[in-house]
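# Overview (structure and organization)
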Amino acid sequence: MAALKLSLVVSLEETGFDAVAMRGSWREALRTAADLGYDGVELAVRDPSEVDAEAVLRTVRDAGLAVPAIGTGQAFLKDGLSLSHPDEGIRARAVERFETHIRLATRCGAAVIIGLLRGRISGDRAATDARLAGSLRRIVPLAEREKVSVLFEPVNRYETDLLVTVGEVLDLINRLGSPALGILADTFHMNIEEPSLEGSLRRAGPRLRHVHVADSNRHAPGWGHLDFPALVRVLREVGYTGYLSAEILPRPDPVSAARQAIGHLRPILNAR
Ligand code: LER
Ligand code: MN
């Protein structure tokens, strides 16, 4: 059985998004992730055109790390881009930005995440859905050509009102029918929205391509009340062989949170 792997979310720049343990100096963050024993780093990237991809990739490789996924949420939070925005120009810029994320992902061997970048319901729900589907249809040909997975993440109701459950996201993915589209399950969001975390992971089944882990309160695993051994059992049952990526609050401080996440999860992954 392929071993599940652990990654840590690292932002390449200062971020207003709270659940990123490591931010500020990305070089230092990569070193910390490697020193703590992580297998990979998930890079949160606002604008790939402002990133020295060569330098980042070299540092990642020198540290012996992989990049399983690239997050895009800061393009929404900082730059106001949204794939479902009623303004056609903003939507077009969101699509173009996402395409630069796909190109960066190709170089990293990573998938790209649609979390907050999906936007919010504006006006009529059906019209919002249609705008989002239109943007996704523009994105998937490049993703398919580049063989990059586009990971759609259900996000809890306090952060967006558009597509908050695994079931809703699966419906969207099935409607669009592209093999490039997969689902990202985030234990923090699922704990708020899903009737059963285990049931929803089973339902996602083969579409599940990435997992964000935080405990019930978004602190590092072990500092809340989620049952991680049970979740890992289900992930194995459904044949998931990817990463558990720690997207956690940097509390009491970034390094302690990152150390706690791997300290709690590694023994669970190593246990048979
Ligand atoms: C937002 O809360 C989140 O979980 C991110 O992964 C989405 O961009
Ligand atoms: Mn997440």
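Located above this text is the structure these notes cover.
To start, this report covers the structure provided alongside it. (Residues numbered from 1 in each chain as written. Chains lettered and ligands numbered in written order. Predicted model: local features only at pLDDT ≥ 70, side-chain atom pairs only at ≥ 80, totals over all residues. Heavy atoms only, no water.)

### Some points on the overall build of the protein chain
Convention followed: Numbering of helices and strands runs from the N terminus; a helix is a DSSP stretch of H or I covering at least four residues, while a strand is a stretch of E covering at least two. Throughout, radius of gyration means the C-alpha value; the globule benchmark is 2.2 Å times the number of residues raised to the power 0.38. Each residue is placed in one exposure class: buried if its accessible area under a 1.4 Å probe, protein chains only, is under 20% of its type's maximum, exposed if it is over 50%, and partly exposed if it falls in between. Per-residue and other accessible areas follow the Shrake-Rupley method at a 1.4 Å probe size, with only the shown protein chains counted as cover for residues. Counting rule applied: Lys, Arg positive; Asp, Glu negative; His and chain ends not counted. All charge positions are set by atom: Lys at NZ, Arg at CZ, Asp at CG, Glu at CD.
For the protein chain, the helix and strand inventory stands at ten helices and eight strands. Taken over C-alpha atoms, the radius of gyration comes to 17 Å for the protein chain, in line with the 19 Å a tight globule of 272 residues would show. Taken along the three principal axes of its C-alpha coordinates, the protein chain extends 45 × 40 × 35 Å. Out of the 272 residues belonging to the protein chain, those deemed buried represent 58%. For the protein chain, the accessible surface area stands at approximately 11,000 Å², while carbon and sulfur atoms represent 49% of it. Across the protein chain, the 34 positively charged side chains and the 35 negatively charged ones have centroids separated by 3 Å.

### Overview of the packing of helix H8 (residues 197–204) against helix H9 (residues 228–237)
When two helices pack together, their arrangement is given by the angle between the helix axes and by the axis-to-axis distance. The condition is simple: Interaxial angle, 0 to 180 degrees, is taken between N-to-C directions of lines fitted to C-alpha atoms, where a helix line uses only the stretch in contact. We call two directions roughly parallel when the angle between them is under 35 degrees, roughly antiparallel when it is over 145, roughly perpendicular when it lies between 65 and 115, and oblique otherwise. For any pair of crossing helices, the crossing counts as left-handed if the nearer helix is rotated counterclockwise from the farther one by less than a right angle, and right-handed if it is rotated clockwise. Residue contacts are counted whenever heavy atoms from the two residues lie within 4.5 Å of one another. Side-chain classes follow a simple rule in which Ala, Val, Leu, Ile, Met, Phe, Trp, Tyr, Cys and Pro form the nonpolar group, Asp, Glu, Lys and Arg form the charged group, and the remainder, Gly included, forms the polar group.
Put simply, H8 and H9 touch, their axes get as near as 9 Å, and they point 20° apart. Classified by the interaxial angle, the pair formed by H8 and H9 is roughly parallel. Handedness of the H8/H9 crossing: right-handed. Judged by residue contacts, Leu-197, Glu-198, Leu-201 and Arg-202 of H8 engage Ala-230, Leu-231, Val-234, Leu-235 and Glu-237 from H9. Tallied by class, the residues present in the contact of H8 with H9 amount to six nonpolar, no polar and three charged.

### Description of the sheet that holds strand E8 (residues 243–246)
The line we're drawing: Whether two strands pair depends on DSSP finding at least two bridges between them.
Within the closed barrel, the eight strands sit side by side as E1-E2-E3-E4-E5-E6-E7-E8. Their pairing is parallel. Here the strands of the sheet are splayed against their neighbours by 30° on average, with no regard to which way each runs. Looking at chain direction, strand E4 (residues 111–114) and strand E5 (residues 150–152) are connected through three bridges and run parallel. Within E5, the residue paired with Val-112 across the bridge is Val-150. Across the sheet, helix H4 (residues 88–108) lies against strand E3 (69–71), E4 and E5, angled at about 150° from E4, the strand it touches most.

### Re the coordination of the manganese ion (ligand 2)
Four donors placed tetrahedrally about a metal ideally form angles of 109.5 degrees, and six donors placed octahedrally ideally form angles of 90 or 180 degrees. Definition in use: Sites may look incomplete because water is not among the atoms; the donors themselves are N, O and S atoms within 2.8 Å of the metal, or within 3.2 Å for Na, K and Ca. Site shape is set this way: if four donors have all angles between 85 and 135 degrees, tetrahedral; if opposite donors are over 155 degrees apart and all others between 65 and 115, square planar for four donors and octahedral for six; otherwise irregular.
Looking at the manganese ion (ligand 2), one finds its protein donor set to be Glu-153 (OE), Asp-186 (OD), His-212 (ND1) and Glu-247 (OE), positioned 2.1 to 2.2 Å from the metal centre. Viewed at the metal, the six donor atoms of the manganese ion (ligand 2) are separated by angles of 67 to 175°, and the geometry they form is octahedral. Of note, the manganese ion (ligand 2) draws all its donor residues from one chain, in the sequence arrangement E-x32-D-x25-H-x34-E. Taken together, the positions of Glu-153 in the loop between E5 and helix H6 (166–176) and Glu-247 in the loop between E8 and helix H10 (254–270) put the pair 94 residues apart, joining distant regions of the chain. Each member of the pair Glu-153 and Glu-247 is classed as buried.

### Some words on the pattern of salt bridges
Threshold: Every case where a carboxyl oxygen of Asp or Glu lies within 4 Å of a side-chain nitrogen of Lys or Arg is listed as a salt bridge.
If you walk through the whole model with that rule in mind, you get 14 salt bridges. Of the charged contacts in the structure, one is a salt bridge between Glu-13 and Arg-46, with a shortest N-O distance of 3.0 Å. Of this pair, Glu-13 sits in the loop between strand E1 (5–11) and helix H1 (26–36) while Arg-46 sits in the loop between strand E2 (40–44) and helix H2 (53–62), and the two are 33 residues apart along the sequence. By relative accessible area, which is 11% here, Arg-46 ends up buried. Between Arg-125 and Asp-129 there is a salt bridge, and its shortest N-O distance comes to 3.0 Å. With Arg-125 and Asp-129 both in helix H5 (residues 125–146) and four residues apart, the pair spans about one turn of that helix. Residue classification places Arg-125 among the partly exposed residues on the basis of a relative accessible area of 31%.

### Looking at the site of ligand 1
Stated formally: To be near a molecule or strand, a residue needs just one of its heavy atoms within 4 Å of it. Here a polar contact means two N or O atoms within 3.5 Å. Within protein one must be a hydrogen donor candidate and the other an acceptor candidate, and residues neighboring in sequence count only if both atoms are side-chain atoms. Cavities and pockets were defined on a 1 Å grid built over protein atoms only: a cavity is a set of grid points that admits a 1.4 Å probe from which the probe cannot escape, a pocket is an open set flanked by protein on both sides within 12 Å along at least five of seven lines, and lining residues are those with an atom within 4 Å of any such point. More than half of a molecule's atoms lying within 2 Å of a cavity's or pocket's grid points is what places that molecule inside it.
Within the structure, ligand 1 sits among Phe-17, Gly-115, Leu-116, Glu-153, Glu-159, Asp-186, His-189, His-212, Arg-218 and Glu-247. At 3.2 Å, a side-chain N or O of Asp-186 approaches an oxygen atom of ligand 1. Glu-247 has a polar side-chain atom sitting 2.8 Å from an oxygen atom of ligand 1. Compared with its free state, where it exposes 260 Å², ligand 1 has 95% of that area covered by protein. One can see that ligand 1 is located within the largest cavity. For the shell around ligand 1, the class distribution of residues is two nonpolar, three polar and five charged.

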